Amino acid sequence: MLDCAIIGGGPAGLTAGLYATRGGLKRVVMFEMGMPGGQITQSSEIENYPGFYEHGKTGMDFMDTWQEQCFAFGLVHEMKKVIGVAKTGDHFTVTFEGGDSVEAMSVIVGTGSTPKRTGIKGESELWGKGVSTCATCDGFFYKGKSVIVLGGGDTALEEAHYLSNICEKVILVHRRDSFRASPSTVERVERTANIEIITDTVIEEIVGDMMGVTGVTLKNLKTEESRQLEVPGVFIFAGHTVNNEVLKEESGAFICEMNEWGQVVVDLSMKTSLEGLYAVGDMRIQAPKQVVSAAGDGAVAALQVISYIQERA
Ligand code: FAD
Ligand code: NAP
């Protein structure tokens, strides 16, 4: 029986492992289906993690230094894909692809969320090289420049507004002429002088070179006219898929409370509605979707787990 099973080896899961083992838990295993590091390893540069300020270092370089530290105190990594978590009595069963399983007294789940891709030509090739899904992460790279924001939901409009404080101009491109975003957010964006709103329009292609994005081709769906714009950055906000499958029962119901967007409901201790189960990082409600906050969540949850296990010893 494990003291704690950690699911997901991104910044949240790794930090949970570091705090749990360094805090004295003996049997802690992190189940990560790939190499540990999480989605930040896709980033070409990170400059907003305090204490790490090296120009030109990629997300991969950044996470490389986490591994040795997080595994130094006894955390074990098993490269396994978790397909389910169930609680029976006072313990959990974590089931893996292939059918085997392990039992654990507590579970910390940090499987992240995945920004939806649009399939626009050039999007995949230039992902992380001028195509971004995170204004907080990458907005600063476009200080004083013009950027495109794609989408008509709350995220796109809120992020367009955030970018308008950094960039010279934000061009918001939406495929319809009405927005999903709340009316107050739409009004705020419409009132912002340096945001240009282009509706009924799609991005046909994102173009670039070895250095990254150089521009886009836009197509107006009503007039069918196409035009090119030169921009160094394209922010795509087409929604997120929360990686919450591991918390789903066969019936389709979740083992703990979720909100309407599939994010795990937690309190300030990262406790879910199911005792002994904690959720951390990008998959939880109101996640800022940043490495620093994911790591913070991992630490908070691990400290809670230590008390939880001690109380049951
Ligand atoms: P993730 O990093 O998503 O890690 C989840 C892990 O769980 C993954 O490794 C995944 O393989 C694993 N997993 C998922 N399902 C299973 C399963 N069923 N079984 C086993 N393992 C599973 N943040 C910043 O602070 N600054 C930045 O500059 C920045 N730039 C970014 C640039 C890009 C291109 C991207 C994509 C993100 C960026 N972010 C940045 C956001 C940051 O990466 C995330 O907020 C952070 O990684 C979230 O950490 P997490 O541990 O919650 O989840
Ligand atoms: P969303 O509401 O699903 O919006 C995604 C947007 O992307 C939509 O406008 C959609 O266009 C567009 N889109 C999707 N695929 C596209 C494609 N292939 N090409 C072009 N455009 C595409 O996602 P979200 O904005 O991330 O919000 C998710 C949920 O979180 C929502 O319920 C939202 O209200 C909520 N949220 C709330 C707040 C808040 O309350 N402050 C903040 C952020 C998010 P269409 O509109 O044409 O479908």
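Preceding block: the structure.
Quantities reported herein were computed from a predicted structural model and do not represent experimental measurements.

**Quick look at the site of ligand 1**
If you check the shell around ligand 1, you find 29 residues, and the closest are E32, N48, C137, D282 and V291. For ligand 1, an oxygen atom lies 3.0 Å from a polar atom in the side chain of Q39. Between ligand 1 and V291 there is a distance of 2.8 Å, counted from an oxygen atom to a backbone nitrogen or oxygen. Protein chains shield 92% of the accessible area of ligand 1, which is 1000 Å² for the free molecule. At the level of secondary structure, the elements contributing two or more residues to the shell around ligand 1 comprise helix 1 (11-22) and helix 6 (291-312). Looking at the shell around ligand 1 residue by residue, the classes come out as 11 nonpolar, 13 polar and 5 charged.

**What about the site of ligand 2?**
In the neighbourhood of ligand 2, 16 residues make up the surrounding shell, with D154, E158, R176, R180 and W261 lying closest. Contact distances for ligand 2 include 2.7 Å between a nitrogen atom and a side-chain N or O atom of E158. Between ligand 2 and the protein, one listed contact pairs an oxygen atom with a side-chain N or O atom of R180 at 2.7 Å. Its free accessible area being 910 Å², ligand 2 has 70% of it covered by the protein chains. Broken down by element, the shell around ligand 2 gets its largest block of residues, 3 residues, from helix 4 (residues 154-164). Looking at the shell around ligand 2 residue by residue, the class counts come to 4 nonpolar, 7 polar and 5 charged.

About the cut-offs
Residues numbered from 1 in each chain as written. Chains lettered and ligands numbered in written order. Predicted model: local features only at pLDDT ≥ 70, side-chain atom pairs only at ≥ 80, totals over all residues. Heavy atoms only, no water. Near = heavy atom within 4 Å. Polar contact = N/O pair within 3.5 Å; in protein donor to acceptor, adjacent residues only side chain to side chain. Areas by Shrake-Rupley, 256 points an atom, 1.4 Å probe, with all protein chains shown as cover. Helix = DSSP H or I, 4+ residues; strand = E, 2+ residues; numbered from the N terminus. Nonpolar A, V, L, I, M, F, W, Y, C, P; charged D, E, K, R; others polar.

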